[in-house]
Amino acid sequence: MNREESLLALTNGNSHVRFRALRALERVALPSDIAFLLRLQTTETDLYVKKRIERIVSGLNIQLPSKPAVDDDVVSSDVRDRIRADAIEWVAGLLLHEIGSKLGLLASEISHDMPNYENSSSKRRVEQLQDTFDGIEELKKATSSPKPVEMDLASFIRDIVELERVGRDVEASYVGSKPLVMFCDRGLLALAFCNGVKNAIEAAISVRSDSREPMIIVSWGQTDIDNWITIIDNGPGLPSNSSRSFVLGESTKTGHLGFGLGIARQAIETLHGTVELRNSGADGAAYELRWSLMS
């Protein structure tokens, strides 16, 4: 697609066609196209197309009116966190839009074209890639603006823990007010809480012995400024290299993609909260979530 064809497609095509046209135009755009692109941007409704227009305009070295420099200290942490979350949401959305949606079709075609696909290493590679994009999708959800609903925290916790215990011989104890009614985004809290529960159960099971039955203790409560949940397991405790556990793409566990704790942190930060992973006073580890009463 040449420059003239790209410009024409931008006025006539659907959002997918416009996106493709902009990819082609990025290589051949001229400074004289700037005004047209800026006009197009004001009426564009597709977020990914708008971002691609911004990228092209930036690449053409537009000299916009200068803005006064802003001291980093003047920008609040909430604003920086929101900018970061918006960037994550946009990048994750772009990857899912451009690549993730095609993975299912690719897997289906390979399964028909390739003999003995079910037992092949190709299938395992495709599944690993699908797992990665599932993680990206969860990350995108974790950046969504909170939508609080009335909920009972005690029932919410028990429902999730009991579901994760199905098929696993792990004891669970609950300590907290029943009921504890609050307003919170259930989806975001579930993203943060589920990962802690899964890790605690896995850790507890990993040291099962005749004298040590796997167990987790989940406690919760509310202060005058925040809500909190703590999960304690009787597993082996944290490894020495656990300091980067919340970094996306890094994991201390073999075979793990390193999305889980990073997604949990993003979800709880979207609720204006924090997550901490530490060794507990006895054996095992403690996973603590704290988030604002106003979430």
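Quick caveat: nothing in here was measured; it's all calculated off a predicted structure. Positions within a chain are numbered from 1, following the residues in the order the chain's sequence is written. Since the coordinates come from a predicted model, pLDDT governs what is reported: local features require at least 70, and pairs of side-chain atoms require 80 or more to be given and counted, while whole-chain, interface and lining totals use all residues. Excluding hydrogens and water, the side-chain figures rest on all heavy atoms present in the structure.

Asks: Explain the overall build of the protein to me, and be specific about the residues and the numbers.
Replies: Helix and strand labels come from DSSP, where a helix needs a run of H or I of at least four residues and a strand needs a run of E of at least two; each type is numbered from the N terminus. Assigned secondary structure in the protein consists of nine helices and seven strands. A simple rule labels every residue: compare its accessible area, found with a 1.4 Å probe on the protein chains alone, to the largest value its type can have, and call it buried under 20%, exposed over 50%, or partly exposed in between. Going through the 295 residues of the protein one by one, you find that 39% of them count as buried. Considering only intrachain contacts with a sequence separation of at least 6, the fraction spanning at least 24 residues in the protein is 69%. Surface exposure here means Shrake-Rupley accessible area, sampled with a 1.4 Å probe, where a residue is shielded only by the protein chains that are shown. Total accessible area computed for the protein in this model is approximately 17,000 Å², and 53% of it derives from carbon and sulfur atoms. Contact between two residues is taken to exist if any of their heavy atoms lie within 4.5 Å; hydrogens are not considered.

Asks: Now, about the packing of helix α1 (residues 3-12) against helix α2 (residues 15-28): what can you tell me, with residues and values included?
Replies: What counts as an axis is a line fitted to C-alpha atoms, over the stretch in contact for a helix, and the angles between N-to-C directions run from 0 to 180 degrees. α2 packs onto α1 with a crossing angle of 150 degrees between their chain directions and a minimal axis gap of 8 Å. Of the two possible hands of crossing, α1 and α2 adopt the one that is left-handed. For the pair α1 and α2, contact is made by Arg3, Ser6, Leu7, Ala9 and Leu10 and by Val17, Arg18, Ala21, Leu22, Ala24, Leu25 and Val28, respectively. By definition, turning the near helix anticlockwise from the far helix through less than a right angle yields a left-handed crossing, and turning it clockwise yields a right-handed one.

Asks: Please provide a residue-by-residue account of the pairing of strand β5 (residues 226-233), values included.
Replies: Among the eight residues that make up β5, six are buried, leaving the element largely enclosed by the rest of the structure. Two strands pair if DSSP finds at least two bridges between them. Relative to β5, strand β4 (residues 215-222) runs antiparallel, the two being bridged by seven bridges. Paired with Trp220 across the two strands is Ile229, which belongs to β5. Following β4, the chain reverses through three residues before pairing antiparallel with β5. Strand direction decides the pairing type here: β5 and strand β7 (residues 285-292), joined by seven bridges, are antiparallel. By the bridge assignment, Ile231 is partnered in β7 with Tyr287.

Asks: I'd like to hear about the packing of aromatic side chains, residue by residue, with values.
Replies: Here the aromatic set is Phe, Tyr and Trp, taking the six-membered ring for Trp, and pairing holds for ring centres within 6.5 Å; pairs whose planes are under 30 degrees apart are stacked, those over 60 apart are edge-to-face, and all others are tilted. Enumeration according to the criterion identifies one aromatic pair in this entry. An angle of 40 degrees between the planes, with centres 6.2 Å apart, marks the rings of Phe156 and Phe193 as tilted. Within this pair, whereas Phe156 is found in helix α7 (residues 153-165), its partner Phe193 is found in helix α8 (residues 186-206), the two being separated by 37 residues in sequence. Of the two residues examined, Phe156 and Phe193, each falls in the buried class. Criterion for a charge above a ring: Lys NZ or Arg CZ within 6 Å of the ring centre, and within 35 degrees of the ring normal. When the ring centre of Tyr174 is taken as origin, the NZ or CZ atom of Arg158, which lies over that ring, is 4.1 Å away.

Asks: Would you mind going over a nonpolar patch on the surface in detail, with residue names and values included?
Replies: Taken together, Val175, Met215, Ile217 and Ile232 make up a surface patch of nonpolar side chains, about 280 Å² in accessible area. Within the fold, Ile232 resides in strand β5. Owing to a relative accessible area of 32%, Ile232 belongs among the partly exposed residues under this scheme. Residues enter patches when their relative accessible area tops 30% and they take part in no salt bridge; the joining distance is 9 Å for like charges and 5 Å for the nonpolar side chains Val, Leu, Ile, Met, Phe, Trp and Tyr. When a carboxyl oxygen of Asp or Glu is within 4 Å of a side-chain nitrogen of Lys or Arg, the pair counts as a salt bridge.

Asks: Give me the nonpolar core: which residues, what numbers.
Replies: By nonpolar core is meant a set of buried Ala, Val, Leu, Ile, Met, Phe, Trp, Tyr and Cys residues that side-chain atoms within 4.5 Å join together. Counting 40 residues, the largest nonpolar core has Leu153, Ile157, Leu189, Phe193, Val218 and Trp291 as the members making the most contacts within it. When residues in this core are grouped by element, the largest group, ten residues, is from α8. Once residues lying within four places of it in the same chain are set aside, the contact partners of Leu189 are Met151, Leu153, Phe156, Cys184, Ile229, Ile268, Leu271 and Trp291. Judged by nonpolar contacts, the second largest core, of 17 residues, contains Ala9, Ala21, Val49 and Ile53.

The quantities given are spatial measurements derived from coordinates; they are silent on function.
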